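# Structural description and commentary
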Amino acid sequence: MPRTPATTVRPVRLWRWRRNPLRRHSDVVEAWIVLAAWVLVLFCGVLAGLLAAQASAASYAARLAQVHPVTAVLTDQAAPTPAAGTGYDDGRVWATVRWTDPDGSVHTDRAKVVPGVPAGSSVTVWANHADHVVAPPVTGASADLQAALTGVLVGPSAGAAVWCASWLVRNRLIRRRMAEWDEEWKQIGPRWGNLSGGRG
């Protein structure tokens, strides 16, 4: 049985860092820029995403602290169908509601309720510290989901911004290298033509 020759495994060496007579200092600088760019893209993207998610969650918590739910009573029967042409339509209608605070003060405001609800029905609305009806805050799983989505959107955007900045730096380095090559060719080109008998 013929013996297969042993194969030697050569370690992978990146061209930018290995010893090479054609390697220039700008090649090493460019390689470090690319490596630093990838590290910063990952780091800044993750950090920005986490900070955005935390800020979003904090804003939802602050909004929740500024409002409170109250049990109100409809003073009139709600319209049977939503008004047409009102723009954003969530399927509810405006109706007048009334509620009493623990201190006995009575408040009246307009809130969105399910169409066709009869007068005297109890509904839960959200009010602020000035006792005005406001939109319900985002809470629970919805708040967590929206905070996470905010982080997911902000993270890649921050990473892309860092990558664009590194691309600009690298592009400027490449232009500088090309200018250096032009200057060197202006010096070497005529001598090369003389060495090749005018055919180079």
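Above this text you will find the structure in question.
In what follows, the accompanying structure is described.

### Quick word on the overall build of the protein chain
Counting its secondary structure elements, the protein chain contains two helices and five strands. Mapped in sequence order, the helices and strands of the protein chain form the string α-β-β-β-β-β-α. When each of the 200 residues of the protein chain is scored for burial, the buried share is 24%. Of the roughly 14600 Å² of accessible surface on the protein chain, a fraction of 63% belongs to carbon and sulfur atoms.

### Details of the sheet that holds strand β2 (residues 93-100)
One open sheet holds the five strands; their spatial order is β3-β2-β1-β4-β5, and the pairing between them is antiparallel. The open sheet is flanked by β3 (106-113) and β5 (133-134), the only strands paired with a single partner. Here two bridges tie strand β1 (residues 67-74) to β2, and the two strands are oriented antiparallel to one another. Each residue of the ladder has a partner; that of L74, found in β2, is V97.

### Description of the environment of C44
The residue C44 is located in helix α1 (residues 25-65) in this model. Non-local contacts of C44, meaning those with residues more than four positions away in its chain, are made with A158 and V162.

### Considering the environment of W126
Note on placement: W126 falls in strand β4 (residues 122-128). Counting along the chain gives 55 residues from W126 to T71, while the straight-line C-alpha distance between them is 8.7 Å. The residues contacting W126, other than those within four sequence positions of it, are L64, V67, H68, P69, H132, V133, V134, A135, P136 and P137.

### Some words on the packing of aromatic side chains
Scanning the model with the defined rule gives one aromatic pair in all. When the ring of W38 is compared with that of W163, the centres are 4.9 Å apart and the planes differ by 40°; the resulting orientation is tilted. Taken as a pair, W38 in helix α1 and W163 in helix α2 (residues 140-195) lie far apart in primary sequence, 125 residues in all.

### A closer look at the pairing of β3
As paired strands, β2 and β3 are joined by eight bridges and run antiparallel to one another. Following the sheet pairing, T100 is matched in β3 by V106. The turn joining β2 and β3, which pair antiparallel and follow one another in sequence, is formed by five residues; a positive phi near 95° is taken by G104.

### Topic: the side chain of S121
Here S121 shows up in the loop between β3 and β4. Residue classification places S121 among the buried residues on the basis of a relative accessible area of 18%. Among the polar contacts made by the side chain of S121, one reaches the main-chain carbonyl oxygen of P118 at a distance of 2.8 Å.

Cut-offs applied
- Residues numbered from 1 in each chain as written.
- Predicted model: local features only at pLDDT ≥ 70, side-chain atom pairs only at ≥ 80, totals over all residues.
- Heavy atoms only, no water.
- Helix = DSSP H or I, 4+ residues; strand = E, 2+ residues; numbered from the N terminus.
- Buried < 20%, exposed > 50% of the residue type's maximum accessible area, 1.4 Å probe, protein only.
- Areas by Shrake-Rupley, 256 points an atom, 1.4 Å probe, with all protein chains shown as cover.
- Pairing = 2+ DSSP bridges.
- Contact = heavy atoms within 4.5 Å.
- Phe/Tyr/Trp six-rings, centres within 6.5 Å; stacked < 30°, edge-to-face > 60°.
- Polar contact = N/O pair within 3.5 Å; in protein donor to acceptor, adjacent residues only side chain to side chain.

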